[in-house]
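Structural overview for review
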Amino acid sequence: MKNISILGATGSIGTQALKVIAGNPGLYKVCALSANGNADLLIEQALAFKPMLVVIADEDKYQTVKAALSGTDIKVLAGEAALCEAAGLDGVDLVLTAIVGSVGLGPTIAAIKAGKDIALANKETLVVAGDLITSLAKAHGVKIIPVDSEHSAIFQCLVGEPANSVEKIYLTASGGPFRGKDLSFLRGVTKTEALKHPNWVMGAKITIDSASLMNKGLEVIEAKWLFDLEADQIDVIVHPQSIIHSLVQFNDGSMKAQMGLPDMNLPIHYALAYPDRITNDFKRFNFVDYPELNFYKADRKTFRNLELAYTALRQGGNMPCIINAANEVVVEAFLQDKIGFLQMSDVIEACMEEIGFVEKPSLNNYLETDLHTRIFASQLVTK
Ligand code: NDP
């Protein structure tokens, strides 16, 4: 029995993880669950899975959750600091970080410091402070197991391979709803169109990131830290069917790919069960349903966010933190119809030029960078 806490239990990843857990009785015990403001779903999950602790980040919702769970032994806490308490809860083996955005940084650090292995969905944490997180994980002997399907694919391809045998990796990208479109088309797209991902059903933020290719940019940075690679060793290839989830090219020229249907249940369950593989009844891939698998070069000129992410990765320091914070602000602004699709890249680039560069940032530098970038980007989107 593995003891698991889920931060961001009410989101797309969180709810799928709980389904995986419910579908495998006797394998996992849920110890802590957290949400931001979705009190109703958090209460429902708490009553179903009976964790020791639930945390609602939005303090205004505390009384609602507390009252609903008053007849149980479940402890209820509220606020951001309580997320760190959930992350470091005694007796927990694995923390699934499924919060969206850089707000996941503090709880992830708390979990690592408490010696918990991490099933990492919250890619923004590695984008913001990958050096700090990976060195902290090393110091505390903590494993970081990726949940992102592309990184899970690379992770699975690397099992049993010698260290330093990777020449390069290819992260596959579906291309999102606007694959093949040009700038004049993108100028007029709406949030409703951007939220229609062809292959994956996900939370709103990552869906917009997928449409703008910022998701792939964030994944390139995430891959750098997870697999200790240089920017030139990470390539992106557009593969509209999302069957090959990513590939590794080894230094003898041999390549390994991990493939399957586009279904997040697979990488979620792999991360929860690692190093085991658990039998399941998820739908199987059938070759005859996919007589063709296609691959295209990613268009970094039209989808500028991907190029900006590579630039940030090459510059290093706090630059990835800047693009992440700016991106969180512009995605929110786009979802609120305050800015157009292409303006998102303009604001991100303006932040990269404006916010002070720090070559070797401390945690405080990262937190300051995140805050200053948000303030500057917010001014630009309200102009
Ligand atoms: P969702 O938006 O669906 O869920 C986000 C979760 O985080 C919810 O539980 C939400 O609570 C909680 N949350 C949001 N803001 C805060 C906050 N300020 N404080 C505490 N909790 C907060 O996101 P996804 O599940 O789609 O994505 C989660 C992470 O996983 C992201 O980093 C994403 O990039 C990554 N990921 C997601 C994939 C997917 O298929 N969805 C695939 C690969 C990676 P509430 O519901 O109460 O608002």
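Residues numbered from 1 in each chain as written. Predicted model: local features only at pLDDT ≥ 70, side-chain atom pairs only at ≥ 80, totals over all residues. Heavy atoms only, no water.

Topic: the sheet that holds strand β5 (residues 94-97)
If you walk across this open sheet you meet the seven strands as β4-β3-β2-β1-β5-β6-β7, and the pairing is parallel. Because the sheet does not close on itself, it has two edges, and the strands there are β4 (75-78) and β7 (144-146). Within this sheet the neighbouring strands show an average axis-to-axis angle of 20°, counted without direction. By the bridge criterion, three bridges tie strand β6 (residues 117-120) to β7 in an arrangement that is parallel. The residue of β7 that forms the bridge with L120 is P146. Packing against the sheet, helix α4 (residues 80-87) makes contact with β1 (2-7), β2 (28-35), β3 (53-56), β4 and β5, and its axis sits at approximately 155° to β3. (Pairing = 2+ DSSP bridges. Helix = DSSP H or I, 4+ residues; strand = E, 2+ residues; numbered from the N terminus. Axes fitted to C-alpha atoms, helices over the stretch in contact; angles between N-to-C directions. Contact = heavy atoms within 4.5 Å.)

Details of the layout of surface pockets
In this model, the second largest pocket occupies a volume close to 890 Å³. Of all the secondary-structure elements, those providing two or more residues to the lining of the second largest pocket are α6 (123-139), β7, α7 (149-158), β8 (166-173) and α11 (214-227). Here the lining of the second largest pocket gets four residues from one element, more than from any other, and that element is α6. (1 Å grid on protein atoms, 1.4 Å probe; cavity = no way out; pocket = protein on both sides within 12 Å on 5 of 7 lines; lining within 4 Å. Points joined across faces, edges and corners; volume = space filled by probe spheres on them.)

Details of the side chain of T172
You can see T172 is positioned in strand β8. The exposure class assigned to T172 is buried, which follows from its relative accessible area of 5%. A polar contact is formed between the side chain of T172 and the backbone oxygen of I244, at a distance of 2.8 Å. A polar atom in the side chain of T172 sits 3.1 Å from the backbone oxygen of H245. When neighbours within four sequence positions are excluded, T172 is seen to be in contact with E150, K216, I237, H239, I244, H245, S246 and L247. (Buried < 20%, exposed > 50% of the residue type's maximum accessible area, 1.4 Å probe, protein only. Polar contact = N/O pair within 3.5 Å; in protein donor to acceptor, adjacent residues only side chain to side chain.)

Details of the pairing of β8
Remark: a regular strand shows side chains that alternate across the two faces of the sheet. Counted residue by residue, β8 has seven buried out of eight residues, so it is predominantly covered. With five bridges connecting them, β8 and strand β10 (residues 244-250) associate as antiparallel partners. Across the sheet, residue I169 finds its bridge partner in β10, namely V248. Both β8 and strand β9 (residues 234-238) contribute to a ladder of five bridges, which runs parallel. Considered in β9, the bridge of Y170 is made with D235.

Details of the site of the ligand
Close to the ligand lie 25 residues; T10, N36, G37, N38 and E124 are nearest. Contact between the ligand and I13: an oxygen atom at 2.9 Å from a main-chain N or O atom of the residue. Residue V100 places a main-chain N or O atom 3.5 Å away from an oxygen atom belonging to the ligand. Here the ligand loses 86% of its free accessible area of 890 Å² to cover by the protein chains. Elements with a contribution of two residues or more to the shell around the ligand: α1 (12-22) and α6. When the residues that make up the shell around the ligand are grouped by side-chain class, the tally is 13 nonpolar, nine polar and three charged. (Near = heavy atom within 4 Å. Areas by Shrake-Rupley, 256 points an atom, 1.4 Å probe, with all protein chains shown as cover. Nonpolar A, V, L, I, M, F, W, Y, C, P; charged D, E, K, R; others polar.)

Topic: empty space enclosed by the protein
Scanning all chains against the criterion turns up one cavity of 30 Å³ or more. Of the volumes computed, that of the largest cavity is approximately 50 Å³. Every residue lining the largest cavity is listed: S149, S152, A153, Q156, H245, Q258, L266 and P267. Secondary-structure elements contributing two or more residues to the lining of the largest cavity are α7 and α12 (265-273). The leading source of residues in the lining of the largest cavity is α7, at four residues. Broken down by class, the residue content of the lining of the largest cavity amounts to three nonpolar, five polar and no charged.

What to know about the pattern of salt bridges
Evaluation of the coordinates by the stated rule reveals 17 salt bridges. With a closest N to O distance of 2.8 Å, D370 and R374 form a salt bridge. Pair noted here: D370 and R374 are both in helix α16 (residues 363-382), with a separation of four residues, about one helical turn. Overall, the relative accessible area of 22% leaves R374 in the partly exposed class. (Salt bridge = Lys/Arg side-chain N within 4 Å of Asp/Glu carboxyl O.)

Here's the deal with the packing of aromatic side chains
Aromatic rings in a pair are described by how distant their centres are and how their planes are angled relative to each other. In the structure shown here, the tally under the stated rule is eight aromatic pairs. For the ring pair Y270 and Y274, a centre distance of 5.9 Å and an interplane angle of 55° mean the geometry is tilted. Looking at Y270, the relative accessible area reads 8%, which means it is buried. For the pair F334 and F341, a centre-to-centre distance of 5.7 Å together with 70° between the ring planes defines the contact as edge-to-face. (Phe/Tyr/Trp six-rings, centres within 6.5 Å; stacked < 30°, edge-to-face > 60°.)

Some points on the nonpolar core
Grouped together as the largest cluster of nonpolar side chains are 129 residues, with contacts concentrated most on I6, V54, V147, I169 and F341. Considering every element that reaches this core, the biggest residue donor is helix α14 (residues 319-335), with eleven residues. In this view, I6 contacts G14, A17, L18, I21, A32, L33, S34 and L96; residues no more than four positions away in its chain are not counted. (Core = buried A, V, L, I, M, F, W, Y, C linked by side-chain atoms within 4.5 Å.)

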